[in-house]
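Each chain, written out:
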Amino acid sequence: QVQLVESGGGLVQPGGSLRLSCTPTRSIFSINAMGWYRQAPGKERELVATIASGGSTNYADSVKGRFTITRDNAKNTVILQMNSLKPEDTAVYYCNVRTSYSISFWGPGTQVTVSS
């Protein structure tokens, strides 16, 4: 069974940076896109950023210009560089891998807390 291993969450002050990383425990065949979602307390899970197999990216309006998603195709690793963090970025961040055969994998989530 494939699992997604996330790392890089933690506590940071406003204006700081964090780097999230996600790697599957086994190779995943035919990936369409990889990305990050987040869920704050009392809110629904929302898209943060995705990157398609061809390299095109998509960002939530709230993170544009601050977050950057990149991907290492050889390692099936997806990175989310988060700069200029705000308290409203506080949430559990989930890695997602979507395949061309309609299977989607989710990581267990990593906590990001932005607070002074």
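In case you missed it, the structure is sitting above this.
Residues numbered from 1 in each chain as written. Predicted model: local features only at pLDDT ≥ 70, side-chain atom pairs only at ≥ 80, totals over all residues. Heavy atoms only, no water.

1. Regarding the overall build of the chain
- Within the chain, the regular secondary structure consists of zero helices and eleven strands.
- Ordered by position from the N terminus, the helices and strands of the chain form the series β-β-β-β-β-β-β-β-β-β-β.
- Its C-alpha atoms give the chain a radius of gyration of 14 Å, within 12% of the compact-globule value 13 Å for 116 residues.
- Principal-axis analysis of the C-alpha atoms places the extent of the chain at approximately 40 × 25 × 25 Å.
- Within the chain, the proportion of its 116 residues that are buried is 43%.
- Taking the intrachain contacts of the chain between residues at least 6 apart in sequence as the baseline, contacts between residues at least 24 apart amount to 54%.
- Total accessible area on the chain is roughly 6,100 Å²; 47% of this is exposed by carbon and sulfur atoms.
- Each charge sign in the chain was given a centre, from 11 positive and 7 negative side chains, and these centres are 6 Å apart. (Helix = DSSP H or I, 4+ residues; strand = E, 2+ residues; numbered from the N terminus. Rg over C-alpha atoms; globule rule 2.2 N^0.38 Å. Buried < 20%, exposed > 50% of the residue type's maximum accessible area, 1.4 Å probe, protein only. Contact = heavy atoms within 4.5 Å. Areas by Shrake-Rupley, 256 points an atom, 1.4 Å probe, with all protein chains shown as cover. Lys, Arg positive; Asp, Glu negative; His and termini not counted. Charge placed at Lys NZ, Arg CZ, Asp CG, Glu CD.)

2. Re the nonpolar core
- W36, L80, M82 and Y93 are the most contacted members of the largest nonpolar core, which totals 30 residues.
- If you list the elements that add at least two residues to this core, you get β3 (18–24), β4 (31–39), β5 (46–52), β7 (67–72), β8 (77–82), β9 (91–99) and β11 (110–114).
- In terms of residues, this core owes the most to one element, β9, which gives four residues. (Core = buried A, V, L, I, M, F, W, Y, C linked by side-chain atoms within 4.5 Å.)

3. Here we look at a nonpolar patch on the surface
- Together, F29, Y101 and I103 give the surface a local cluster of nonpolar side chains, amounting to about 320 Å² of exposed area.
- Within the element layout of this structure, F29 appears in the loop between β3 and β4. (Patch = residues over 30% accessible without salt bridge, like charges linked within 9 Å, V, L, I, M, F, W, Y side chains within 5 Å. Salt bridge = Lys/Arg side-chain N within 4 Å of Asp/Glu carboxyl O.)

4. Structural notes on the pattern of salt bridges
- Taken as a whole and assessed by the stated rule, the structure comprises four salt bridges.
- Salt-bridge contacts for R38 lead to D89; the nearest nitrogen and oxygen are separated by 3.0 Å. Taken together, the residues R38 in strand β4 and D89 in the loop between β8 and β9 connect sequence positions 51 residues apart. An identical accessibility class is assigned to R38 and D89; each is buried.
- Salt bridges linked by common partners bring R38, E46, R66 and D89 together as one network.

5. Points about the sheet that holds strand β1 (residues 4–7)
- Taken together, four strands build an open sheet; the order of strands is β1-β3-β8-β7 and the sheet is antiparallel. Two strands close off the open sheet at either side, each with one partner strand: β1 and β7. Averaged over all adjacent pairs, the angle separating strand axes in this sheet is 15°, with direction ignored. (Pairing = 2+ DSSP bridges. Axes fitted to C-alpha atoms, helices over the stretch in contact; angles between N-to-C directions.)

6. Thoughts on the state of the cysteines
- Per the stated rule, a full pass over the model turns up one disulfide.
- Between the sulfur atoms of C22 and its disulfide mate C95 the distance is 2.0 Å. Of note, the bridge from C22 to C95 carries an S-S torsion of about -85° and is left-handed in sense. Of the two residues, C22 sits in strand β3 while C95 sits in strand β9, which places them 73 residues apart along the sequence. The pair C22 / C95 is uniform in exposure class, with both members buried. (Disulfide = S-S within 2.5 Å.)

7. Let's talk about the environment of R66
- Residue position: R66 is located in the loop between β6 (57–59) and β7.
- Linking R66 and Q81, residues 15 residues apart in sequence, is a C-alpha distance of 8.3 Å.
- A polar atom in the side chain of R66 sits 2.8 Å from the backbone oxygen of S62. (Polar contact = N/O pair within 3.5 Å; in protein donor to acceptor, adjacent residues only side chain to side chain.)

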